[in-house]
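Next come the chains, spelled out residue by residue.
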Amino acid sequence: GASRAVSQELQIRTDSAAHTRVVAGLYAFRETGKVGLDYRLPSSGDFVIFDEETRFRSTSFAAFINAEVDLSDDLTLIGGGRYTSDRKRAAYSSRAGSPDESGITRSKSFTPSLQLRWRPSASSMFYANYSRGLKAGGFNVGGDLGLYGPEALNAYEIGAKGRAGVIGYEIAGFYYDYSKVQL
């Protein structure tokens, strides 16, 4: 098989005030390709007993923003979000008598994140974080264009980082809540 992919990202960063930092941007991705299989009898050269090909195209567009706001000298709130639109298309064909198939899947999602960070001293930080992630659905290739849906993740994390004298430490606890896992 062969494929071609291209992605572009545009970011704008600002320090709009002494206590606020913002990153915003746009993202675009496109991939096209094909996966093919053919089986030949070992002694017959060009006699193909099975020949199939799946062509695919994926496009994804996103807009995102992330802002950090210092609520005080030692407390920072970080929030962000990403809106994504994905489209995947696949077409299967076979010269072995199997029926041709094609399909399109689309998904749109908003994935937020929120973090609270506390720095009680210059050498220590404690944080709590929530974020949601999404992996777009798609197609199985090769014989059956079995459609699978998007996978979602809600991630929760708390932790601490710092230094006590010459010893550095990082401690984190997390919980991941997956739904519709893609295998």
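Coordinates for the structure precede this section.
Remember, it's a predicted structure, so these values are computed and weren't measured experimentally.

Counting secondary structure elements, the chain contains zero helices and ten strands. Going from N to C terminus, the chain has its helices and strands arranged as β-β-β-β-β-β-β-β-β-β. Counting every position in the chain, which comprises 183 residues, the buried fraction comes to 25%. Once local pairs closer than 6 in sequence are excluded, the contacts in the chain between residues at least 24 apart make up 53%. Of the roughly 12100 Å² that the chain leaves accessible, carbon and sulfur atoms contribute 56%.

Attention now moves to a nonpolar patch on the surface. On the surface, Val69, Leu71, Leu77, Leu114 and Leu116 cluster together into a nonpolar patch covering about 400 Å² of accessible area. Tracing the sequence through the fold places Leu114 in strand 5 (residues 101–121). Among the residues examined, Leu114 registers a relative accessible area of 47% and is labelled partly exposed.

Okay, the environment of Ile12 next. Tracing the chain through its elements places Ile12 in strand 1 (residues 2–17). Note on Ile12: relative accessible area 52%, which makes it exposed. Taking the C-alpha atoms as reference points, Ile12 and Ile65, separated by 53 residues in sequence, lie 9.4 Å from one another. Not counting the four nearest positions on each side in its chain, Ile12 is found in contact with Val22, Val23 and Ala24.

We now examine the side chain of Asp86. Among the secondary structure elements, Asp86 is positioned in strand 4 (residues 75–94). For the buried Asp86, which has no salt bridge, the nearest side chain bearing the opposite charge is Lys88, at an N-O separation of 6.8 Å. One polar contact links Asp86 to Ser60, side chain to side chain, over a distance of 2.6 Å. Sequence-distant contacts of Asp86, defined by excluding residues within four places in its chain, comprise Thr59, Ser60, Thr105, Arg106, Ser107 and Ala136.

Successive residues of a regular strand alternate their side chains across the two faces of the sheet. Sheet topology note: the strand 5/strand 6 (residues 124–135) ladder contains seven bridges and is antiparallel. Bridge pairing in strand 6 links Leu116 to Ala128.

About the cut-offs
Residues numbered from 1 in each chain as written. Predicted model: local features only at pLDDT ≥ 70, side-chain atom pairs only at ≥ 80, totals over all residues. Heavy atoms only, no water. Helix = DSSP H or I, 4+ residues; strand = E, 2+ residues; numbered from the N terminus. Buried < 20%, exposed > 50% of the residue type's maximum accessible area, 1.4 Å probe, protein only. Contact = heavy atoms within 4.5 Å. Areas by Shrake-Rupley, 256 points an atom, 1.4 Å probe, with all protein chains shown as cover. Patch = residues over 30% accessible without salt bridge, like charges linked within 9 Å, V, L, I, M, F, W, Y side chains within 5 Å. Salt bridge = Lys/Arg side-chain N within 4 Å of Asp/Glu carboxyl O. Lys, Arg positive; Asp, Glu negative; His and termini not counted. Polar contact = N/O pair within 3.5 Å; in protein donor to acceptor, adjacent residues only side chain to side chain. Pairing = 2+ DSSP bridges.

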